[in-house]
Every structure is written in structure tokens, then in C-alpha cells.
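Fold and geometry: a report
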Amino acid sequence: MRVTVFSQVSIDGKLTFGEGHSSKELFQLFDEDDMTYIHRFRGQVDGIMVGKNTICTDNPFLTNRYEPNRNPVRIVPTRTLDIPPTSNILSDAERTLIVTTERGMNADKRRQIEDKGKQVIVCGEELVDFAALFDRLETEYGFKRLMVEGGGMLNWHVFDRNLVDEIILMQLPIIIGGGTNITLVDGQGYDRMSFTKRFSVVDVQPRKNYTLMRYARYRDAGEDALLHG
């Protein structure tokens, strides 16, 4: 399964204007063509994953509103099933997977979600096991492409486990700043170069309202030989 982290960021890598702010505020700088690009990318993937905080703050539909019947499956990992029952992803007919943990499983909350026609799966004991989850999405659900539109913590988990194949950034020409503001990747971070996750630059395109930047997982000569030998 090919995993793409897809995000809109400021020049300094911020995702929002601070805690509690919606990432949708950045979309004020986009025009209709820019929004079409985002939604049509959703039409090319099998699933789209966001974190619980995105659901609580943005309350998105996570659909492809430009191409009928090309909506990805929505996947939301949450340790405790604390998804607001009025969330848009629970209120429509589109397929949705809520992923939780053995420790966080709550029978009443699960029943409330499943009564709305959505599926709850358990993957992990105390924390969501993303490696196991991605394997299940591929083998049990037939996913070939997954789009991750996470906040800093969700992105940290998938990068830290070496699960990302591609990064697509729509970098807006603004500076937001803020030492505690959410960035593309938060979490624990690394303190040595040898621990970092390396990517190769694939494409950089200056566009009217943003710069499109694409990166692919870095592979050294030995890996390339194994893949193509």
C-alpha cells in the first residue's frame, strides 16, 4: 500500500494558527482550482486518514465534492473512541472506519458508532498500532493507496514507523510562527541525524497561490538494487 502524507503548510511548516484553530483557515488563500486539486487527489486514493483532533476542530466530511462516487473510505484513529456523535463523518452515508485500542474500547460508544452505520476496529493495546493497521488496510480491505491528512501527532506516528512513501505539500507564502504551534510533524522528535527520516525531492512547482512540493522516501543504492535487481 502506498502511503501519502498530504498537507497544507505555511513557509515555516505550521498547520494552523494555534490550538483550537481549524486548518481550514489556511484555505482562504486558495482559489477554486486549488480546492479542486485537493479533492481530486482524494478521488485517486482508497482511504483518507485524519486524527481525532481534526474531527473535533474542523468537523470535515473528507469527501471528494468534485467527482461523484469517488469518495475515499474515512479512517480515524482514536485511543478512546471519543468521536463527537454529531460529527459529519458519522452523519452521512459514506464508509467510515474508527480505529481504537483494546484499552480504550467502550461498548456503549462502539454501539453508538455502529448504529450510525460505521465500523469500529481494534488495533493495538494501549496505542493504535499503525504498522498493524496499515497491514490490515492492505490485506483485509484491499487498499492500494492511503492519504494521510494528519495533524502533527498523527503524522509523527506514521513517519516514526517508516510507513510513509510520499509527501505532498501545498506550501502557502505566509509565516505563522509560534513556538507551541502545530507543525507538520510534532511528537517526540529526533536528536540525531542518523534517526531522521530522509526523503528525496521529486518535484517543486511554483503555482499562483502556493508552491507544490513532492518528496519520495529516500532509498540508497543498496535498496534500489534490491528493488530493481
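Calculation rules
Residues numbered from 1 in each chain as written. Predicted model: local features only at pLDDT ≥ 70, side-chain atom pairs only at ≥ 80, totals over all residues. Heavy atoms only, no water. UniProt positions renumbered as here; feature names shortened; annotations may be inferred. Helix = DSSP H or I, 4+ residues; strand = E, 2+ residues; numbered from the N terminus. Buried < 20%, exposed > 50% of the residue type's maximum accessible area, 1.4 Å probe, protein only. Contact = heavy atoms within 4.5 Å. Salt bridge = Lys/Arg side-chain N within 4 Å of Asp/Glu carboxyl O. Pairing = 2+ DSSP bridges.

Some words on the UniProt feature "domain: Bacterial bifunctional deaminase-reductase C-terminal" (unreviewed entry) in the chain
Residues annotated by UniProt as "domain: Bacterial bifunctional deaminase-reductase C-terminal" (unreviewed entry) correspond here to residues 3-192. Annotated as 26% helix and 18% strand, the span residues 3-192 places its first and last C-alpha atoms 25 Å apart.

Section: the side chain of Thr100
In this structure, Thr100 sits in strand S4 (residues 96-100). Accessibility expressed as a relative area gives 0% for Thr100, which makes it buried. Excluding residues that lie within four positions of it along the chain, Thr100 makes contacts with Thr78, Arg79, Thr80, Leu81, Met105, Val120, Ile121, Val122 and Cys123.

Comments concerning the pattern of salt bridges
Per the counting criterion, the structure on display carries 14 salt bridges. For Arg161, the salt bridge identified is with Asp160, shortest N-O distance 4.0 Å. Judged by relative accessible area, Arg161 falls into the partly exposed class, the value being 30%. When its relative accessible area of 27% is taken as the criterion, Asp160 is described as partly exposed. Between Arg217 and Asp165 there is a salt bridge; the shortest N-O distance is 3.4 Å. On the criterion of sequence distance, the pair formed by Arg217 in strand S9 (residues 211-217) and Asp165 in the loop between helix H6 (152-160) and strand S7 (166-171) is long-range, its members being 52 residues apart. Each of the salt bridges in this network shares a partner with another, and the network as a whole consists of Arg2, Glu166 and Arg214.

A word on the environment of Ile98
Counting through the fold element by element, Ile98 comes out in strand S4. Discounting residues that sit within four places of it in the chain, Ile98 has contacts with Val76, Thr78, Leu81, Ile83, Ile89, Ile113, Gln119, Val120 and Ile121.

Section: the pairing of strand S1 (residues 2-9)
For S1, the buried fraction is high: seven of the eight residues fall into the buried class. Taken together, the four bridges between S1 and strand S6 (residues 145-148) define a ladder with parallel strand orientation. Within the sheet, the bridge partner assigned to Val5 lies in S6 and is Val148. The sheet contact formed by S1 and S7 spans six bridges and is parallel. Within the sheet, the bridge partner assigned to Val9 lies in S7 and is Gln171.

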